[in-house]
Amino acid sequence: MKKLSCLISFIFIVINLSSVLVIVKCDENNLDDDDGDEHDKQWWKNAVIYQIYPRSFKDTNDDGVGDLQGIIEKLDHLKNLGVDAVWLSPIFKSPMYDFGYDISNFREIDEIFGTMGDFDELVAKAKELGLKIILDFVPNHTSDEHEWFSKSENRVKGYEDYYIWSDGIQHENGTREPPNNWVSVFRGRAWKWSPIRKQFYYFQFSPAQPDLNYRNGKVVEEMKNVLHFWLNKGVHGFRVDAVNHLMEVADLRNEPRNPESNDPESYDYVFHHYTLDLLETYDKVYEWRQLIDQLNQDHPDADGERIMMTEAYTNITNVMRYYQSDDGLKLGAHFPFNFQLVLDVYRNSNAHDFERVINKWMENMPNNSVANWVLGNHDRARVGSRFTDEKIDLMNTLFMTLPGVAVTYYGEEIGMVDHTDISFNDTRDPQACNQGEENYREHSRDPARTPFQWNGEKYSGFSNTKPWLPVHPHYIYNNLERSKANNRSNYHHYKKLVELRRHETFKHGDFKIKAISEDVLLYMRSLNGSDTFITAINFGPRDVYVDLYEITGYPSDTKVTVALCQITCFYRDNWTVKHDSLLLAKRNDAIVLRINAADVPNSGGNLNKFSLKVIACIFFWLIKA
């Protein structure tokens, strides 16, 4: 009897304790929103980051090229859209051989974009609107017109080893050839002879972009000073370009041949074991993170942390090392770009394919890391061109409701697509031009870089003169002005998705995903004490009924409403739907559903399981006592 009394007392205590734990857990999850301080500091963890390709955004001085004043003029559009930060592709002093990725001065604004005064005005206006500015950091190389290269080529003392130089191989007849078989990303041998220095210099991309030598401590410090310069100008971070190209082996050994390529000019001619993804690269990223963290600590910005995000097209194991070192002792990027939705799924991919690539990232991330999802950029085809324009709303729904950061590309909010009919004469991308007129189309990045389509006027409201790239002819009926007037446009759907992401469940909630068939993908975002959301997508060719029990485990009478649906949906926002028979329209239907916190069954379920385990342990202890 005494044992039974003890057991009842313990059960009563544990159940009450579990109730307290539920409240504490909910309060902890809501703390960021209640006092604001920590959430504002870590603004980036659920941010929408909007990439602008400045040449193509808005031209205000009628030279056919977008500029900083054009971005300033259109900041209100970005504010109304709801994005958190604006990432600018390079705006620095450049001969523009690779349109800004060949930098001749890291601390000057190129005159084609404006002045440093324009940049300061941009940062101030963005701050006023609550937007943050992120810059491209291009550390791998400079322009061959950079002062450092000129000094290095002329062997000025202290600059001799700023770049990678080699005597090459000299033959008996006196001719010379490069020291190895390394190939450029843009095609051809990756070495160029300098008649001034009488040596070859190495370049990973174009001869106009000589690679910096990061085995030289002076170069390392120079680039850290570049970061300091722009951070002191008020930027909130950097996107690090092509970071996995940063280091090469010191002995310049040959790359192993790729037997599947017979073209010695092709980048695929060799396996890039000695010029790509070297372990020393990560050390440089960890040093940059330490610099940024130190600045955040010593001089905190009232608008939140400065951040670093990295770009590396490589395998998942290599990418994850950009988060942190293998032992977890050194931090790297706040997040390395996740290209799973860019590279590993296609217009014919099914629900299982999407489940696989999403889980691939989520399961490989180090503990306490933040996920991110990239849907497009200046190097890849646009969403509507990769997946078809019928899937634009679907893909935006998918990537905006996943956990973490959403990195989006200018024009995706109105469903811009690639302009694939640009002639060879109008092509500007050096990667394409190097391929010749017969092969340029498959290598050109220009189709995704065309001017923003602001309205239906000549040149789409981008400029009053002929733009640097042709405007997509669709601009007449697909432009921002027209999209705003249509309540069921891609624009309004996109804007609603951004607004929905502000909900605390999307900021802090758990994530569960399940492909219940080849056609239907479901995933759930849940948070104790808050609303639950389910994203349901039908990739298949026929209408289908779905029982949400497959993802929620909730009873059939659970009340479910529509939080957001696209134009193909059978429902409308705020309609009530059946938990056990949700109807998804054929081909590309995507819908976000809501279960109000008060209607979520067993909201303390996880902690109650813990309580039951404790009770079981106590029970067996009492039985044995």
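Residues numbered from 1 in each chain as written. Predicted model: local features only at pLDDT ≥ 70, side-chain atom pairs only at ≥ 80, totals over all residues. Heavy atoms only, no water.

**Student:** Looking at this structure, how should I read the pattern of salt bridges?
**Tutor:** Side-chain pairing between opposite charges can occur once the charged atoms of the two side chains come close. Using the criterion set out here, one finds 25 salt bridges in the structure. Among the salt bridges present, the one from E311 reaches R239, with a minimum N-O distance of 3.0 Å. Linking E311 in the loop between strand 12 (307-310) and helix 9 (316-320) with R239 in strand 11 (residues 237-240), this pair joins segments that are 72 residues apart in sequence. R239 shares its class with E311; the two are buried. Here R445 makes a salt bridge to D429, at a shortest N to O gap of 2.6 Å. Taken as a pair, R445 in the loop between helix 15 (440-443) and helix 16 (480-485) and D429 in the loop between strand 15 (405-409) and helix 14 (430-433) lie far apart in primary sequence, 16 residues in all. Across this residue pair, the class does not change: R445 and D429 are buried. Salt bridges linked by common partners bring D98, D379, D429, R445 and R449 together as one network. (Salt bridge = Lys/Arg side-chain N within 4 Å of Asp/Glu carboxyl O. Helix = DSSP H or I, 4+ residues; strand = E, 2+ residues; numbered from the N terminus. Buried < 20%, exposed > 50% of the residue type's maximum accessible area, 1.4 Å probe, protein only.)

**Student:** Hey, could you run me through the environment of I513 in this one?
**Tutor:** Among the structural elements, I513 can be located in strand 16 (residues 510-515). The contacts of I513, once residues within four sequence positions are left out, are E355, I358, N359, L521, L522, Y523 and I551. (Contact = heavy atoms within 4.5 Å.)

**Student:** Would you explain helix 11 (residues 351-364) in this entry?
**Tutor:** A turn of α-helix holds 3.6 residues, and therefore any two residues three or four places apart point the same way. Look at helix 11: 20 Å from first C-alpha to last across 14 residues, which is about the 20 Å you get at 1.5 Å a residue. Among all positions of helix 11, only A351, F354, E355, V357, I358, N359 and W361 are buried. The N-capping residue of helix 11, defined by a side-chain oxygen 3.0 Å from the backbone nitrogen of H352, is N350. (Expected span 1.5 Å × (residues − 1). Polar contact = N/O pair within 3.5 Å; in protein donor to acceptor, adjacent residues only side chain to side chain.)

**Student:** How do you make sense of the sheet that holds strand 11 when you look at a structure like this?
**Tutor:** Across a sheet, paired strands are connected by hydrogen bonds in the backbone, their directions being either parallel or antiparallel. The parallel open sheet is built from eight strands, whose spatial order is 13-12-11-5-2-1-15-14. Two strands lie at the open edges of the sheet, namely strand 13 (335-336) and strand 14 (372-374), each paired on one side alone. Sheet topology note: the strand 11/strand 12 ladder contains four bridges and is parallel. For F238, the partnering residue across the bridge sits in strand 12 and is M308. Strands strand 5 (132-137) and strand 11 of the sheet are contacted by helix 7 (residues 217-232), whose axis makes an angle of about 160 degrees with strand 5. Helix 13 (residues 392-400) contacts strand 1 (48-52), strand 14 and strand 15 of the sheet and is inclined by roughly 150 degrees relative to strand 15. (Pairing = 2+ DSSP bridges. Axes fitted to C-alpha atoms, helices over the stretch in contact; angles between N-to-C directions.)

**Student:** Would you mind going over the sheet that holds strand 10 (residues 199-202) with me for this structure?
**Tutor:** Across the sheet, three strands lie side by side as 6-10-9; this open sheet has antiparallel pairing. Every other strand in the sheet has two partners, leaving strand 6 (165-166) and strand 9 (191-194) as the edge strands with one partner each. Note: strand 9 against strand 10, four bridges, orientation antiparallel. Looking at the pairing, K192 lines up with Y201 of strand 10.

**Student:** How should I be thinking about the packing of helix 13 against helix 17 (residues 490-500) in this particular structure?
**Tutor:** A packed helix pair is summarised by two numbers, namely the angle formed by the two axes and the spacing between the axes. Contact pair helix 13 / helix 17: the axes reach a minimum separation of 10 Å and the direction vectors enclose 10 degrees. Accordingly, the angle class assigned to the pair helix 13 and helix 17 is roughly parallel. Within the contact between the two elements, helix 13 uses I392, D393, N396, T397 and M400 and helix 17 uses N490, H493, Y494, L497 and V498. (Parallel < 35°, antiparallel > 145°, perpendicular 65-115°, else oblique.)

That is the geometry; function is a separate question.
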